[in-house]
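Topology and contacts: notes
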Amino acid sequence: MSNATVKIAIPAAGGRMGGMLVREIAAAEYLQLVAATERSGSPAIGEDAGLVAGLRENGVIIGDDPKTLFEQADVVIDFSSPKASCAHADLAAETGIAMVVGTTGLTPEDEVILEKAGQTAALVYCANTSVGITLLGQIVEQVAAQLTDDWDIEIVEAHHHHKVDSPSGTALALGRSAARGRGVELEAVADMVRKGQPGARKCGDIGFAVLRGGDVTGEHSVIFFGQSERVEISHKATDRAIFARGALRAAKFAASKTSGFYTMEDVLNS
């Protein structure tokens, strides 16, 4: 569907990410916004999605019925909340409409729901839709595979003070990349809580450090500490538009598939 118009629907259209998606769709070729929703009680309900996003009217009125997202769209792009994303994934499974899910804070149980939806619909799930972050994850896995356990791994992330989950979904995804490189499960080696006297750092652990403040869009560093040397790999986002652009690239990919559970790595490798 590279030269055909892809019809997009957006839940949480009144939020920051929703507005960014509306603006990026308006500026893109072969993309059309056909539906938008918000949570019940939102002041954005009943408003024109274009006006809410700071653009001209586009004729798409924000509603509160999730089912309307799946009536006209080729792809639903979801950056809402874990509970809402799971509900939308169930609707995707019922209708066969493709989804891109960039919501963070999902539990392993939530992820199972998304994977199940991939049996009947194309679903791209990614903690971070940035192309740069996706490449960073691939590099981290490669580096971790080359370094022995006596190299300590620390993942440092910073976000704005409104972010509710910690560590970020992206930090956890980078941790999983490092763990895959070492041939272990992240849950077995993650060190996320340090307070008081937790003791010396355990060999092979992957540590996490979290910073929150100001209006930081998103910064992630993976640091490999060796003896007398260290390797640092970082990514800094300065504009949330990169997440919207990555999500739209994923939407074009999903629109070309009939079913399957995919990641941003699949999108970049296609």
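About the cut-offs
- Residues numbered from 1 in each chain as written.
- Predicted model: local features only at pLDDT ≥ 70, side-chain atom pairs only at ≥ 80, totals over all residues.
- Heavy atoms only, no water.
- Pairing = 2+ DSSP bridges.
- Helix = DSSP H or I, 4+ residues; strand = E, 2+ residues; numbered from the N terminus.
- Buried < 20%, exposed > 50% of the residue type's maximum accessible area, 1.4 Å probe, protein only.
- Lys, Arg positive; Asp, Glu negative; His and termini not counted.
- Salt bridge = Lys/Arg side-chain N within 4 Å of Asp/Glu carboxyl O.
- Contact = heavy atoms within 4.5 Å.
- 1 Å grid on protein atoms, 1.4 Å probe; cavity = no way out; pocket = protein on both sides within 12 Å on 5 of 7 lines; lining within 4 Å.
- Points joined across faces, edges and corners; volume = space filled by probe spheres on them.
- Nonpolar A, V, L, I, M, F, W, Y, C, P; charged D, E, K, R; others polar.
- Expected span 1.5 Å × (residues − 1).
- Core = buried A, V, L, I, M, F, W, Y, C linked by side-chain atoms within 4.5 Å.
- Axes fitted to C-alpha atoms, helices over the stretch in contact; angles between N-to-C directions.
- Parallel < 35°, antiparallel > 145°, perpendicular 65-115°, else oblique.
- Left-handed = near helix turned anticlockwise from the far one by under 90°.

1. Topic: the sheet that holds strand 8 (residues 206-212)
- Pairing is mixed in the open sheet, where 5 strands are placed in the order 7-8-6-9-10. Single-partner strands in this sheet number two, and they are strand 7 (190-191) and strand 10 (230-237).
- Of the strand pairs in this sheet, strand 9 (residues 218-225) and strand 10 are connected by 8 bridges, and their pairing is antiparallel. By the bridge assignment for strand 10, Val222 is matched with Ile233.

2. Observations regarding the side chain of Asp110
- Along the chain, the position of Asp110 falls in helix 5 (residues 108-117).
- Although Asp110 is buried, it forms no salt bridge, and the closest oppositely charged side chain is Lys83 at an N-O distance of 11 Å.
- Contacts of Asp110, omitting those with residues within four sequence positions, involve Pro82 and Cys86.

3. Description of the layout of surface pockets
- Reported here for the largest pocket is a volume of approximately 1,100 Å³.
- Residue lining of the largest pocket: 48 residues in total, with Met17, Phe79, Ser80, Ser81 and Arg240 positioned closest to the centre.
- Elements with a contribution of two residues or more to the lining of the largest pocket: helix 1 (16-27), helix 4 (82-95), strand 9 and strand 10.
- At 4 residues, the largest contribution of residues to the lining of the largest pocket is made by helix 4.
- Tallied by class, the residues present in the lining of the largest pocket amount to 15 nonpolar, 24 polar and 9 charged.

4. A look at the pattern of salt bridges
- This model, assessed by the stated rule, comprises 11 salt bridges.
- Notably, a salt bridge pairs Glu154 with Arg194, separated by 2.7 Å at the nearest N-O pair. Here the residue Glu154 occupies a position in strand 6 (residues 152-159), and Arg194 occupies one in the loop between strand 7 and strand 8, the gap between them amounting to 40 residues.

5. Focus on the environment of Ala254
- Positionally, Ala254 belongs in helix 9 (residues 241-255).
- According to the relative accessible area criterion, Ala254 is buried, its value standing at 1%.
- Spatially, the C-alpha atom of Ala254 lies 7.4 Å from that of Val100, the residues being 154 residues apart in sequence.
- Discounting chain neighbours no more than four positions away, the residues touching Ala254 are Ala98, Met99, Ala122 and Val124.

6. Considering helix 4
- For helix 4, which comprises 14 residues, the first-to-last C-alpha distance of 20 Å matches the rise-based estimate of 20 Å (1.5 Å per residue) to within 8%.
- For helix 4, the complete set of buried residues consists of Ser85, Cys86, His88, Ala89, Leu91 and Ala92.
- Buried positions along helix 4 lie against helix 3 (69-72), strand 3 (75-78), strand 4 (98-101), helix 5 and strand 5 (122-125).
- The first or second residue beyond helix 4 is Gly96, which carries a positive phi of 80°.

7. Observations regarding the nonpolar core
- In this structure, Ile8, Ile10, Leu21, Val75, Ile77, Val100 and Val124 are the most contacted members of the largest nonpolar core, which totals 40 residues.
- Contributing elements (two or more residues each) for this core: strand 1 (6-10), helix 1, strand 2 (31-36), strand 3, strand 4, strand 5, helix 9 and helix 10 (264-269).
- With 10 residues, the top contributor of residues to this core is helix 9.
- Setting aside chain neighbours within four positions, we find Leu21 in contact with Ile10, Ile77, Phe79, Ala244, Ala247 and Leu248.

8. A closer look at the sheet that holds strand 1
- Ordered by their spatial adjacency, 6 strands build an open sheet running 2-1-3-4-5-11, and the pairing between neighbours is parallel. For this open sheet the edge positions go to strand 2 and strand 11 (260-262), each flanked by a neighbour on one side alone. Adjacent strand axes in the sheet meet at a mean angle of 20°, parallel and antiparallel pairs treated alike.
- As paired elements, strand 5 and strand 11 share 3 bridges and run parallel to each other. For Val124, the partnering residue across the bridge sits in strand 11 and is Tyr262.
- This element, helix 5, spans strand 4, strand 5 and strand 11 of the sheet and lies at about 145° to strand 5.

9. Brief notes about the packing of helix 6 (residues 131-146) against helix 7 (residues 169-182)
- Between helix 6 and helix 7, whose axes approach to 7 Å, the crossing angle comes to 30°. Compared by their axis directions, helix 6 and helix 7 come out roughly parallel. Helix 7 is crossed by helix 6, and the crossing has right-handed handedness. In contact with Ile133, Leu136, Gly137, Val140, Glu141, Ala144 and Ala145 of helix 6, helix 7 contributes Thr170, Leu174, Ser177, Ala178, Arg180, Gly181 and Arg182.
- Considered class by class, the residues forming the contact of helix 6 with helix 7 number 7 nonpolar, 4 polar and 3 charged.

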